[in-house]
Amino acid sequence: MVQFFFCATARRVGSFRGLSLGFIAPALVIGALGCSSEGSSGGAAGMSAAGASSGTAGSSGAQVGSGGAGPSGGASSGGGSVSGGASSGGGAGVGGSSSAGASGAPTGSAGAPGGASGSSGSSGSVDARTLVKALGFGTNIGNTLENTTTWETGWGQPLITQAFINGLASRGIKTVRVPVAWNTYANNGVIDAAKMDRVKQVVNWITSAGMYAIVNIHWDGGWINNENGSPPFSLTTDIKTKFESYWKQIGTAFSGVGHQLILEGMNEEGSWTTDGQKYGTPNIPPLNEMNQLFVTTVRAQGGYNATRALLIAGFNTDIDKTCVPAFTVPSDPAGTGKLFLSIHYYTPWTFTIKEKNDSASDTQPVSTTWGTAAEKKALEDAFSKLGTCSSDKKIPIILGEFAVTRGTDPYVREAASRVAWMTAVAKASVSRGIVPVLWDTGSEISRVDGAFSSELQQTFDAVK
């Protein structure tokens with residue numbers, strides 16, 4: 001079975017996992033990159049959990065979906081140290097990890113959040129721009145802890161192991177994004193304690209291996225976007241109350257985890273519109289309000305939350321919809337320089353995600369190759385716009401998802417084109433101080449030992 005990337009919306013498409021295939025124009029995308037709810041750089045995805053519903057049109061970019069968590073099982077100590085050095089191999093800049101946690105406590109034991117090494121407490125200085133280099137090249141653990149079917153394994157992924165996490169670190173990965181579905185498994189708005197412990201355990205493995213972790217609220221049924229509400233795609237008081245409550249719970253649970261943990265407010269949410277249509281007129285003020293609520297709420301939860309780096313959402317994580325004057329950076333109680341902006345990139349979606357043509361007259365046919373002069377220029381233009389946006393708004397960017405499907409017969413992607421596209425995205429990011437984080441559901445990176453595919457290894461070697 002070919003396993004593709006499904007990111008944000010985390011839906012199941014046929015036998016494939018998670019691709020937020022929504023923005024996929026008239027074409028029904030089967031399989032492919034599991035993704036978020038909205039397509040980056042134009043377009044949102046739209047598959048339902050139990051089979052595909054046709055996607056809606058979008059401009060130029062799609063996303064991929066993700067999964068949930070498995071058995072609770074706590075890790076032993078191993079929190080992040082504050083400023084600077086790690087006692088046992090931490091990331092550069094701020095917060096190395098202290099003593100490594102045990103390799104998996106018995107099922108049901110609590111995952112320790114980990115204490116800070118040293119005596120500087122939670123007051124260590126974090127500077128997002130400085131952190132960019134330390135965050136290096138990253139990857140997602142996609143279609144796993146954000147799974148909305150059966151947490152962690154419902155989309156065919158194995159349980160996350162410490163051997164897999166250590167394998168990522170040994171191969172040079174510096175950042176691991178951990179998408180999480182919290183609402184699906186909450187009980188009347190209260191996050192399940194066993195699932196919280198499992199996320200803590202995975203984060204502890206990541207930081208103890210000297211890497212940075214990003215934990216978010218993923219698509220999780222579309223509640224943040226009010227996809228099924230009345231009126232749809234409107235921001236309500238109930239949504240804001242639930243959002244604040246979850247971040248109080250998550251922030252409190254992770255308050256003792258050091259600066260190697262970055263919290264991310266939302267995934268590809270933010271598709272609030274002025275006309276009640278999923279791909280209608282963007283309504284950016286509600287996104288600004290939610291980003292501010294996220295920052296203010298997390299900062300108030302104490303411990304490392306007072307100063308840790310936070311990742312705020314772009315509008316559908318789309319370049320064109322975010323890099324506009326109406327989008328504003330939240331005021332941060334911790335001061336300046338501690339926020340990142342989240343953007344995703346899956347352009348052109350006909351190459352990166354689309355799995356088949358719906359008809360002979362399909363106006364946006366699948367492309368199995370990439371790399372013409374025009375295609376390269378479009379990519380460079382997009383990242384130049386993003387770089388300018390980062391500079392103008394004075395906020396560094398984490399490219400939280402980018403990936404290209406392998407495709408299925410007769411639309412198998414040319415290997416050289418896949419390498420060319422991934423390399424171009426990664427290089428365009430690094431050259432502009434943007435952190436590239438691959439969306440992966442086991443297609444590019446082995447879930448057993450963290451080994452890279454040949455194509456990913458070529459990309460990694462080209463940009464490291």
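Below you will find a few notes about this structure. Just so it is clear, the model here is predicted, and its values are computed rather than measured. (Residues numbered from 1 in each chain as written. Predicted model: local features only at pLDDT ≥ 70, side-chain atom pairs only at ≥ 80, totals over all residues. Heavy atoms only, no water.)

### Considerations on the sheet that holds strand 8 (residues 434–438)
This is how it is decided: At least two DSSP bridges between two strands are needed for those strands to be called paired. Here a helix means four or more residues in a row that DSSP labels H or I, a strand means two or more in a row labelled E, and each is numbered from the N terminus. Only C-alpha atoms enter the line fits that serve as axes; for helices the fit covers just the stretch in contact. Angles between N-to-C directions range over 0 to 180 degrees.
The parallel closed barrel is built from eight strands, whose spatial order is 1-2-3-4-5-6-7-8. Strand-to-strand twist across the sheet, computed as the mean angle between neighbouring axes with direction ignored, equals 25°. Pairing of strand 6 (residues 339–345) with strand 7 (residues 397–402), which is carried by five bridges, proceeds in the parallel orientation. For Ser342, the partnering residue across the bridge sits in strand 7 and is Ile398.

### Quick look at the packing of helix 8 (residues 373–393) against helix 9 (residues 415–430)
Our working definition: Geometric relationships in this document are graded by angle, where less than 35 degrees denotes roughly parallel, more than 145 denotes roughly antiparallel, 65 to 115 denotes roughly perpendicular, and other angles denote oblique. Here a crossing is called left-handed whenever its near helix is offset anticlockwise from the far helix by less than a right angle, and right-handed whenever the offset is clockwise. Contacts are assigned to residue pairs with any non-hydrogen atoms lying within 4.5 Å of each other. We call Asp, Glu, Lys and Arg charged. Ala, Val, Leu, Ile, Met, Phe, Trp, Tyr, Cys and Pro are nonpolar, and the rest, Gly among them, are polar.
At their nearest, the axes of helix 8 and helix 9 sit 10 Å apart, and the two run at 25° to each other. Classed by the angle they form, the pair helix 8 and helix 9 counts as roughly parallel. The two elements helix 8 and helix 9 cross, and the hand of that crossing is right-handed. Only Trp421, Ala424, Val425, Ala428 and Ser429 of helix 9 make contact with helix 8, whose side of the interface consists of Leu379, Glu380 and Phe383. Of the residues in the contact of helix 8 with helix 9, the class split is six nonpolar, one polar and one charged.

### Details of the nonpolar core
The condition that has to hold: Only buried residues count toward a nonpolar core, which is a set of Ala, Val, Leu, Ile, Met, Phe, Trp, Tyr and Cys residues joined through side-chain atoms within 4.5 Å. For every residue, the accessible area obtained with a 1.4 Å probe (protein chains only) is divided by the maximum for its type, and the residue is called buried under 20%, exposed over 50%, and partly exposed between those limits.
With 86 residues, the main nonpolar core has Phe243 and Trp421 as its most contacted residues. The dominant element in this core, judged by the number of residues it contributes, is helix 5 (residues 284–299), at seven residues. With near-sequence residues (within four places) excluded, Trp421 lies in contact with Tyr345, Tyr346, Thr347, Pro348, Phe351, Thr352, Trp370, Leu379, Phe402, Ala403 and Val404. Judged by nonpolar contacts, the second largest core, of 15 residues, contains Ala128, Ala134, Ile214 and Val435.

### A look at unusual backbone geometry
Pro348 follows Thr347 through a cis peptide bond whose omega is -5°. Tracing the chain through its elements places Pro348 in the loop between strand 6 and helix 7 (349–352). The peptide bond linking Asp409 to Pro410 adopts the cis configuration, its omega dihedral lying at 5°. When you line up the elements, Pro410 lands in the loop between strand 7 and helix 9. We note that Asn226 has phi near 55°; this positive angle belongs to a residue other than glycine. By the secondary structure assignment, Asn226 is in the loop between strand 3 (212–216) and helix 4 (237–253). For Asn316, which is not a glycine, the phi torsion comes out positive at approximately 55°. In this structure, Asn316 sits in the loop between strand 5 (310–313) and helix 6 (319–322). Residue Asn316 is classed as buried on the basis of its relative accessible area, which comes to 1%.

### Notes on helix 8
So the rule is basically this: A helix is expected to reach a length of 1.5 Å times the quantity of its residues less one. Regarding the arc, it is the one traced by the directions from the helix axis to the C-beta atoms.
The end-to-end C-alpha separation of helix 8 is 30 Å, in line with the 30 Å expected for 21 residues at 1.5 Å each. Taken together, the buried positions of helix 8 are Leu379, Ala382, Phe383, Leu386, Cys389, Ser390 and Lys393. Projected down its long axis, helix 8 shows its buried positions confined to an angular sector of 110°, all on one face. Opposite the buried face of helix 8, at more than 90 degrees from it, the exposed residues are Ala373, Ala374, Lys377 and Asp392. Where helix 8 is buried, its residues touch helix 1 (128–135), helix 6, strand 6, strand 7, helix 9 and strand 8. A positive phi of about 55° marks Lys394, the residue just after helix 8.

### Let's talk about the packing of helix 9 against helix 10 (residues 454–463)
Following both chains from N to C, one finds helix 9 and helix 10 inclined at 35°, their axes separated by 9 Å at the closest point. When the axes of helix 9 and helix 10 are compared, the crossing they make is right-handed. When helix 9 is examined against helix 10, the residues Ala415, Arg418, Val419, Met422, Thr423, Ala426 and Lys427 are found in contact with a partner set consisting of Glu455, Leu456, Gln458, Thr459, Ala462 and Val463. Looking at the contact of helix 9 with helix 10, its residues break down into seven nonpolar, three polar and three charged.

### A word on the environment of Ile206
Counting through the fold element by element, Ile206 comes out in helix 3 (residues 193–208). Classification of Ile206 by relative accessible area gives buried; the value is 0%. Those residues in contact with Ile206 that sit more than four places away from it in its chain are Ile165, Val176, Val178, Met211, Tyr212 and Ala213.

### Observations concerning helix 10
Three or four residues apart is the spacing at which side chains of an α-helix point the same way, because the helix has 3.6 residues per turn. If you check which residues of helix 10 are buried, you get Glu455, Leu456, Thr459, Phe460 and Val463. The buried residues of helix 10 occupy one face: seen down the axis, they fall within an arc of 130°. Summarising the contacts, the buried residues of helix 10 are in contact with helix 9 and strand 8.

### Section: the packing of aromatic side chains
The relation between two aromatic rings is expressed through the spacing of the ring centres and the mutual angle of the planes. Where we set the bar: The rule is short: rings of Phe, Tyr and Trp, with Trp giving its six-membered ring, pair when the centres are within 6.5 Å, and they are stacked under 30 degrees, edge-to-face over 60, tilted in between.
A complete count under the given rule lists nine aromatic pairs for this structure. Relative to Tyr246, the ring of Trp223 lies with its centre 5.7 Å away and its plane at 75°, an arrangement referred to as edge-to-face. Placement of the pair is Trp223 in the loop between strand 3 and helix 4 and Tyr246 in helix 4, with a sequence separation of 23 residues. In this pair, the class of Trp223 matches that of Tyr246, namely buried. The interplanar angle of 10° and the centroid separation of 6.2 Å between the aromatic rings of Tyr345 and Trp421 together place this pair among those described as stacked. Within this pair, whereas Tyr345 is found in strand 6, its partner Trp421 is found in helix 9, the two being separated by 76 residues in sequence. Tyr345 gets classed as buried once you look at its relative accessible area, which sits at 2%. For Trp421, a relative accessible area of 0% corresponds to the buried category.

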